[in-house]
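# Structural features, examined
Residues per chain are reported as follows:
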Amino acid sequence: MTILRWLVAIEILGLASWPLCFALFRGLPDRGIGLARLAGLLVVSYAAWLASSLGLFPLDTPSIASFLVLYALAGAVIWRLHAAGMRDFIARRKRLLLFEQAFFLALFAAALLIQAYKPDITVAEKEADMMFLHAVLADGRMPPQDLWFAGSPVNYYYFGYVVFAALVRLAGAAPETGFNLAVATVVPLAGLAAFSMGYNLTERYGAALLAPLFLLGLGNLGAFARALGGGLGGRDWWVEMFARGSREIIPGTIHEFPLFSFLLGDLHPHYMFMPFAFLLLAAALAILSAGGEGGASRRLPAGLLPLGLFTGLALGTVFMFNTWDLPLYAALLAAAAVCAARAGASPPGAWVRWGALAAALCVAVLLPFRLRFEPAAGIDIRLVDAARRSRLPAFLTVNGLGCFVAASFLAAEARRRGRAAVSLLLAAAGVAAGWAATGSAVAGVSLGALAAAAALLAAPGSSPPRRTFALILVLLCAGIFLGCELFYLKDFYSERLQRQNTVFKFYFTAWILLSVVFAAGTAAVTGALRGAWRAAWVSALAALVAASLIYPVLGTWHRCGRFRGGRGSPSPYLPTLDGMAYIRHRHPDEYAAIMWVRRNVSPGAVVLEATGDPYSFFGRVATFGGRPTVLGWGNQESLWRDWSWRLIMERTEEIKRIYDAPRKRDVAHLLDRHAVRYVYVGALEKKKYSPAGLAAFAREYRTAYAGGDVRIYAVGGEGRGGGA
């Protein structure tokens with residue numbers, strides 16, 4: 001029933017949003033129907049978040065449901081205004097509407113099946129993600145309290161957790177189930193949005209399906225390269241890509257792609273934002289499509305005003321979703337507006353006013369979040385060491401398929417416009433200049449592609465908005481690759497890993513953009529070629545796609561344990577969407593105690609537990625019990641708030657003193673300093689701290705819970721008795 005309620009909540013949001021999307025995306029063939037669920041999630045979640053941030057209402061089920069009702073009522077008003085047009089659209093596009101609905105449900109079912117065989121909220125950084133989700137759900141106050149650093153708010157871009165916490169509330173899901181439903185739901189949301197963009201650019205089902213195929217169905221060529229050296233058998237392909245294929249192809253970087261992120265299962269900001277990126281892509285395409293509607297008027301087309309307001313909202317939330325992406329999508333929208341102004345009859349001043357309105361709203365939307373958030377990495381942009389730039393073979397192993405289609409599209413577009421010579425000369429000049437200046441083939445090739453795309457965009461004469469849009473995406477991707485070769489954002493990591501996060505964040509965005517280029521570019525190239533040339537190009541594309549399918553097929557098979565579950569399997573609790581099932585199976589005493597904490601300890605009460613190694617079971621009470629502790633994973637907290645580690649080491653030492661003290665009154669001031677109300681003593685505490693110190697808790701404090709190998713002591717004013 002939880003899955004059904006979750007799905008119903010998403011569908012209600014989609015239905016409530018469709019009138020709005022119909023009005024906003026008037027120039028798109030599918031009128032935004034594939035984006036409706038995303039628009040509803042964004043608007044309702046932001047409204048509930050803002051109300052909580054301003055101290056008006058908590059972010060709880062009644063508040064979220066109330067905003068959903070208001071949103072649905074607004075949708076009903078918009079429906080009345082556009083009733084005739086919407087009925088006509090439904091009659092003409094019934095097949096498309098049914099296909100998109102079926103496609104969404106099919107992707108949702110497939111993602112749930114896969115997630116049910118990898119539900120454990122452990123490995124990599126899932127515990128940190130679960131902590132953030134639980135923090136948002138804890139008491140409804142924004143910003144949420146950091147459950148791994150009691151007394152301080154979360155200092156992270158956490159809006160994605162707000163969005164999926166809203167679904168958890170509406171569906172009445174347990175947090176550990178909601179976590180896995182969220183990981184799975186990103187797939188159909190992103191897949192349908194990619195299809196929608198592909199259809200809006202090609203109006204062909206087959207071509208449109210290439211966008212979600214690239215986005216979610218393909219991997220990089222690393223698996224193919226490794227298979228050439230040792231065949232397909234005899235290895236775990238999930239481990240191969242986890243250890244090497246997403247990290248070691250380009251040394252010192254992380255180069256994830258969406259399917260890997262889904263199989264990994266971390267509920268990270270870049271992953272959660274992926275489907276919402278298509279709202280901004282659609283907005284850019286709608287801007288281009290509306291650019292020529294102004295006629296001789298000195299005003300912009302009427303539909304651009306509400307589109308500008310929505311664009312400002314969507315762009316503002318990018319900062320809250322995944323801060324790194326804001327400059328890229330701002331550049332995309334700016335490029336679309338410039339191209340639309342250049343192609344349309346409306347004066348530039350009208351476009352400047354429109355852009356200023358969208359920018360002002362963007363700032364207003366993100367400001368309440370920004371005032372309480374201090375980015376760990378400042379704006380410290382540095383030059384990449386020449387020795388750490390990407391080698392061309394490694395770069396093409398990661399991005400070769402997308403680059404093949406993008407380069408082919410540039411060539412086809414140059415030929416179509418009759419400016420092939422000029423574009424090729426500019427591309428060659430860019431390659432030569434880039435190579436000479438940087439000594440990097442990747443930088444040279446990227447600069448050449450950037451020059452060719454810019455030349456085609458700047459060429460005189462009109463071009464269909466769809467082709468202009470695809471060229472802008474190629475331009476932006478070339479800029480991303482060039483920028484990552486020349487610059488990096490200085491952060492916590494060492495010089496050896498200077499590019500790690502920069503490449504990680506921006507390559508992931510490039511993959512999203514290239515998914516749209518893959519669909520639009522393939523349609524354009526196959527439409528331009530004939531005979532043997534067309535057959536040769538399609539054969540080359542098919543070979544690259546086949547090579548890119550090795551990891552998706554074998555990696556999924558191995559990641560899901562060959563889809564084995566039940567008795568006799570290593571994980572007899574599978575299949576399930578309960579992310580705590582592995583704790584119940586492997587650590588039953590800890591599971592019972594954590595659930596007691598969740599039921600009996602008020603949301604703000606601090607529960608002291610051991611702190612220790614990251615990527616381990618430490619922090620489990622705060623993570624799964626949803627109550628703050630003095631310190632969870634120290635390395636993560638250092639990344640979020642304290643690169644010096646001073647605060648981390650202070651708290652680590654204070655926790656040790658509390659547990660080890662033979663007389664607890666000697667450390668009572670430390671308990672008071674951190675407002676500790678309960679002390680948890682389980683297997684990890686018994687391994688790490690002094691037996692004499694642990695025994696002292698039983699002498700000096702009331703035992704609030706006793707079950708198996710776990711004891712919980714009430715040390716503050718709060719405490720409801722009742723041992724197990």
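Computed from a predicted structure; not experimentally measured. (Residues numbered from 1 in each chain as written. Predicted model: local features only at pLDDT ≥ 70, side-chain atom pairs only at ≥ 80, totals over all residues. Heavy atoms only, no water.)

### Here we look at the overall build of the protein chain
When helices and strands are tallied, the protein chain shows 31 helices and six strands. Computed over the C-alpha atoms, the radius of gyration of the protein chain is 27 Å, within 12% of the 27 Å expected from 2.2 N^0.38 for a compact globule of 724 residues. In terms of its C-alpha atoms, the protein chain occupies a principal-axis envelope of roughly 90 × 60 × 50 Å. By residue count, 60% of the 724 residues in the protein chain fall in the buried class. Sequence-distant contacts in the protein chain: of pairs separated by 6 or more residues, those separated by 24 or more amount to 76%. (Helix = DSSP H or I, 4+ residues; strand = E, 2+ residues; numbered from the N terminus. Rg over C-alpha atoms; globule rule 2.2 N^0.38 Å. Buried < 20%, exposed > 50% of the residue type's maximum accessible area, 1.4 Å probe, protein only. Contact = heavy atoms within 4.5 Å.)

### Observations regarding the packing of aromatic side chains
With the rule as written, the count across this model stands at 51 aromatic pairs. Relative to Phe 373, the ring of Tyr 157 lies with its centre 6.3 Å away and its plane at 80°, an arrangement referred to as edge-to-face. Separated by 216 residues along the polypeptide, Tyr 157 in the loop between helix H6 (126–139) and helix H7 (159–171) and Phe 373 in the loop between helix H16 (348–370) and strand S1 (381–383) bring together distant segments of the chain. For the pair Tyr 157 and Phe 373, one class covers both residues: buried. With centroids separated by 6.4 Å and ring planes inclined at 80°, the aromatic side chains of Phe 395 and Tyr 507 adopt a geometry described as edge-to-face. Taken together, the residues Phe 395 in helix H17 (residues 392–417) and Tyr 507 in helix H21 (residues 500–528) connect sequence positions 112 residues apart. With respect to burial, Phe 395 and Tyr 507 carry one shared label: buried. Taking the ring centre of Phe 22 as reference, the NZ or CZ of Arg 31 above it sits at 3.6 Å. Residue placement shows Arg 584 over the ring face of Tyr 591; its charged tip is 5.5 Å from the ring centre. (Phe/Tyr/Trp six-rings, centres within 6.5 Å; stacked < 30°, edge-to-face > 60°. Lys NZ or Arg CZ within 6 Å of the ring centre and 35° of its normal.)

### What to know about the packing of H17 against helix H22 (residues 531–548)
Packing of H17 against H22 brings their axes to within 10 Å, and their N-to-C directions diverge by 160°. Overall, the two elements H17 and H22 adopt an arrangement that is roughly antiparallel. Considering only the axes of H17 and H22, their crossing is left-handed. Where H17 approaches H22, its residues Leu 401, Phe 404, Val 405 and Ser 408 are matched on the opposing element by Trp 537, Ala 540, Leu 541, Leu 544, Val 545 and Ser 548. Looking at the contact of H17 with H22 residue by residue, the class counts come to eight nonpolar, two polar and no charged. (Axes fitted to C-alpha atoms, helices over the stretch in contact; angles between N-to-C directions. Parallel < 35°, antiparallel > 145°, perpendicular 65-115°, else oblique. Left-handed = near helix turned anticlockwise from the far one by under 90°. Nonpolar A, V, L, I, M, F, W, Y, C, P; charged D, E, K, R; others polar.)

### Examining a nonpolar patch on the surface
A cluster of nonpolar side chains, namely Met 1, Leu 4, Val 8 and Ile 12, defines an oily patch on the protein surface of about 400 Å² accessible area. Considering the arrangement of structural elements, one finds Met 1 in the segment before helix H1 (2–24). (Patch = residues over 30% accessible without salt bridge, like charges linked within 9 Å, V, L, I, M, F, W, Y side chains within 5 Å. Areas by Shrake-Rupley, 256 points an atom, 1.4 Å probe, with all protein chains shown as cover. Salt bridge = Lys/Arg side-chain N within 4 Å of Asp/Glu carboxyl O.)

### Some remarks on the pairing of strand S4 (residues 676–681)
For S4, the tally of buried residues reaches five of six residues, placing the bulk of the element in the interior. Bridge count for strand S3 (residues 606–608) against S4 is three bridges, and the pairing is parallel. Paired with Val 607 across the strands is Tyr 678, a residue of S4. Both S4 and strand S6 (residues 710–714) contribute to a ladder of four bridges, which runs antiparallel. Counterpart to Tyr 678 in the pairing with S6 is Ala 714. (Pairing = 2+ DSSP bridges.)

### Some remarks on empty space enclosed by the protein
All chains considered together, the criterion is met by three cavities of 30 Å³ or more. Estimates place the volume of the largest cavity at around 50 Å³. Lining the largest cavity are 13 residues, and of these Val 398, Asn 399, Leu 401, Gly 402 and Trp 511 sit closest to its centre. Put simply, the parts of the chain that give the lining of the largest cavity at least two residues each are H17 and H21. For the lining of the largest cavity, the leading source of residues is H17, giving six residues. (1 Å grid on protein atoms, 1.4 Å probe; cavity = no way out; pocket = protein on both sides within 12 Å on 5 of 7 lines; lining within 4 Å. Points joined across faces, edges and corners; volume = space filled by probe spheres on them.)

### A short note on the state of the cysteines
Summed over the entire model, instances satisfying the criterion amount to zero disulfides. Lacking any disulfide linkage, Cys 339 is separated from the closest cysteine sulfur, that of Cys 477, by 15 Å. (Disulfide = S-S within 2.5 Å.)

### Section: the sheet that holds S3
If you trace the four strands from one edge of the open sheet to the other, you get S3-S4-S6-S5, paired in mixed fashion. Here the strands that pair on one side only, and so sit at the sheet edges, are S3 and strand S5 (702–707). Within the sheet, the average angular offset between the axes of one strand and its neighbour, ignoring direction, is 25°.

### As for the nonpolar core
Trp 6, Phe 25, Phe 278, Leu 281 and Phe 469 are the most contacted members of the largest nonpolar core, which totals 260 residues. Broken down by element, this core gets its largest block of residues, 18 residues, from helix H13 (residues 269–290). Apart from residues no more than four positions distant in its own chain, Phe 25 is found in contact with Arg 31, Gly 32, Leu 35, Leu 279, Ala 282, Ala 283, Ala 286, Leu 307 and Phe 310. (Core = buried A, V, L, I, M, F, W, Y, C linked by side-chain atoms within 4.5 Å.)

### Topic: the environment of Ala 182
Note that Ala 182 resides in helix H8 (residues 175–202). Between the C-alpha atom of Ala 182 and that of Trp 6, which follows or precedes it by 176 residues, the distance is 9.7 Å. In this structure, Ala 182 is in contact with Trp 6, Phe 164 and Leu 267, ignoring residues within four places of it in sequence.

### As for the side chain of Glu 256
Tracing the sequence through the fold places Glu 256 in the loop between helix H11 (237–245) and helix H12 (258–264). According to the relative accessible area criterion, Glu 256 is buried, its value standing at 6%. A distance of 2.5 Å separates the side chain of Glu 256 from the side chain of Ser 261, its partner in a polar contact. A distance of 3.3 Å separates the side chain of Glu 256 from the side chain of His 270, its partner in a polar contact. With residues near it in sequence (within four places) discarded, Glu 256 still touches Ser 246, Ser 261, Leu 264, His 270, Phe 504 and Phe 508. (Polar contact = N/O pair within 3.5 Å; in protein donor to acceptor, adjacent residues only side chain to side chain.)

### As for H7
With 13 residues, H7 should reach 18 Å at 1.5 Å per residue; the first-to-last C-alpha distance of 19 Å fits that figure. The buried fraction of H7 amounts to 11 of the 13 residues, a majority that puts the element mostly inside the structure. Turning to H7, its buried residues are Phe 159, Gly 160, Tyr 161, Val 162, Val 163, Phe 164, Ala 165, Ala 166, Leu 167, Val 168 and Ala 171. Residue Gly 172 follows H7 closely and has a positive phi angle near 65°. (Expected span 1.5 Å × (residues − 1).)

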